[in-house]
Amino acid sequence: MTWLGIGEADWIALQLTFRLALISTALLLVLCLPLAWWLAHTQRRIKVVIEALVALPLVLPPTVIGFYLLILLGPRGAVGGTLERLGASHLAFTFTGLVIGSMIYSLPFVVQPLQNAFQAMGRRPLEVAATLRAGPWDRLVSVVLPLSRQGLLTAAVLSFAHTLGEFGVLLMIGGGIPGQTQVASIAIYSHVEGMDYASAHRLSLFLIVTAFVMLVCIYALNKRFKIVGVAP
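Worth saying up front: this structure is predicted, and the values here are computed from it rather than measured.

About the cut-offs
Residues numbered from 1 in each chain as written. Predicted model: local features only at pLDDT ≥ 70, side-chain atom pairs only at ≥ 80, totals over all residues. Heavy atoms only, no water. UniProt positions renumbered as here; feature names shortened; annotations may be inferred. Helix = DSSP H or I, 4+ residues; strand = E, 2+ residues; numbered from the N terminus. Buried < 20%, exposed > 50% of the residue type's maximum accessible area, 1.4 Å probe, protein only. Polar contact = N/O pair within 3.5 Å; in protein donor to acceptor, adjacent residues only side chain to side chain. Patch = residues over 30% accessible without salt bridge, like charges linked within 9 Å, V, L, I, M, F, W, Y side chains within 5 Å. Areas by Shrake-Rupley, 256 points an atom, 1.4 Å probe, with all protein chains shown as cover. Salt bridge = Lys/Arg side-chain N within 4 Å of Asp/Glu carboxyl O. Phe/Tyr/Trp six-rings, centres within 6.5 Å; stacked < 30°, edge-to-face > 60°. Lys NZ or Arg CZ within 6 Å of the ring centre and 35° of its normal. Contact = heavy atoms within 4.5 Å. Axes fitted to C-alpha atoms, helices over the stretch in contact; angles between N-to-C directions. Left-handed = near helix turned anticlockwise from the far one by under 90°. Nonpolar A, V, L, I, M, F, W, Y, C, P; charged D, E, K, R; others polar. Parallel < 35°, antiparallel > 145°, perpendicular 65-115°, else oblique.

1. Things to note about the UniProt feature "transmembrane region" (unreviewed entry) in the protein
Per the UniProt record, "transmembrane region" (unreviewed entry) is found at residues 20-40, 52-71, 91-111 and 203-221. Overall, residues 52-71 shows 90% helix and 0% strand. The separation of its end C-alpha atoms is 23 Å.

2. Considerations on the side chain of Thr 17
By the secondary structure assignment, Thr 17 is in helix α1 (residues 8-41). Exposure remark for Thr 17: the relative accessible area of 2% places this residue in the buried category. At 2.7 Å, the side chain of Thr 17 forms a polar contact with the backbone oxygen of Ala 13.

3. A few points about a nonpolar patch on the surface
Nonpolar side chains collect at one region of the surface, where Ile 46, Val 48, Val 49, Leu 53, Leu 56, Leu 58, Val 59, Leu 60, Val 64, Phe 67, Tyr 68 and Ile 71 lie side by side and expose about 1100 Å² of accessible area between them. Mapped onto the nonpolar patch, the elements with two or more residues apiece are α2 (47-59) and α3 (62-73). By residue number, the principal contributor to the nonpolar patch is α2, which donates six residues. Structurally, Leu 60 is set in the loop between α2 and α3.

4. A look at the packing of aromatic side chains
Summed over all chains, the structure comprises five aromatic pairs. With a centroid separation of 5.3 Å and 55° between ring planes, the pair formed by Phe 167 and Tyr 189 is classed as tilted. Here Phe 167, found in the loop between α8 (149-164) and α9 (168-174), pairs with Tyr 189, found in helix α10 (residues 184-193); they are 22 residues apart in sequence, far enough to count as distant. For Phe 167, a relative accessible area of 29% puts it in the partly exposed group. Across from the ring centre of Phe 95, 4.0 Å away, lies the NZ or CZ of Arg 19, which sits over that ring.

5. Things to note about the environment of Gly 175
Turning to its location among the elements, Gly 175 is positioned in the loop between α9 and α10. Using a relative accessible area of 39% as the deciding quantity, one classes Gly 175 as partly exposed. Residues contacting Gly 175, with those up to four places away along its chain left out, are Phe 93, Leu 170 and Thr 181.

6. Examining the packing of α1 against α8
Orientation of α1 relative to α8, taken along the N-to-C sense of each, is 145°, at an axis distance of 9 Å. Handedness of the α1/α8 crossing: right-handed. Between α1, through Thr 17, Phe 18, Leu 20, Ala 21, Leu 22, Ser 24, Thr 25, Leu 28, Leu 29 and Leu 33, and α8, the contact on the second element is made entirely by Leu 152, Ala 155, Ala 156, Ser 159, Phe 160, Thr 163 and Leu 164. Of the residues belonging to the contact of α1 with α8, the class tally is twelve nonpolar, five polar and no charged.

7. Considerations on the packing of α3 against helix α5 (residues 95-121)
At a closest axis distance of 11 Å, the pairing of α3 and α5 adopts a crossing angle of 140°. Between α3 and α5, the angle is such that the two are oblique. The crossing of α3 and α5 is right-handed. Residues Pro 62, Ile 65, Leu 69 and Leu 73 of α3 form the contact with α5, whose own contacting residues are Gly 97, Ile 100, Gly 101, Ile 104 and Tyr 105. Its residues placed into classes, the contact of α3 with α5 shows seven nonpolar, two polar and no charged.

Put into structure tokens, the structure is as follows:
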């Protein structure tokens, strides 16, 4: 069964890709909020070390990250081996492993926009809210998140779009198992390796159109509501 000329196996790969992007982006936003807030306001010397660690995926080859994750999450690794001793299974070649790899590889694309948004906001709005007896939760929901929506949306879009195109990390940690860990980028590679250029072309074109539509929507929203810090 095909739709738009894309076979069923490729649709499964696309569904897996979008599911991975949604889950990893949601988890990153939740986990990176406190980290980005700390980086935006701390004066400790260790800040430069943490910032360097966060930015490391930008300069490392994806296969390097994937290789060490494969060792760490595999049956003989610290994490995978511990899980097996506890009666669970290791995380190499699993969807959970893909989520972990995707989150690590996309970390700087979420932390840095959030950190910039928090730094631009400053402490003054929180101090005003505190004088009005707003609690920590009220300050987060009513002050921090609305004033940081530019950084939040930028981080979400960058993380989601980046996950759509991930290849090296996911191939190393997931192995490209059809229906389980084979995302769209790996499916394209498999088609090219098998000389099936027509299928690779259709899947690639679908991803190009998807990414383009996402960017058009974001730029349109920015022009109308001024919510993303990019030039119109």
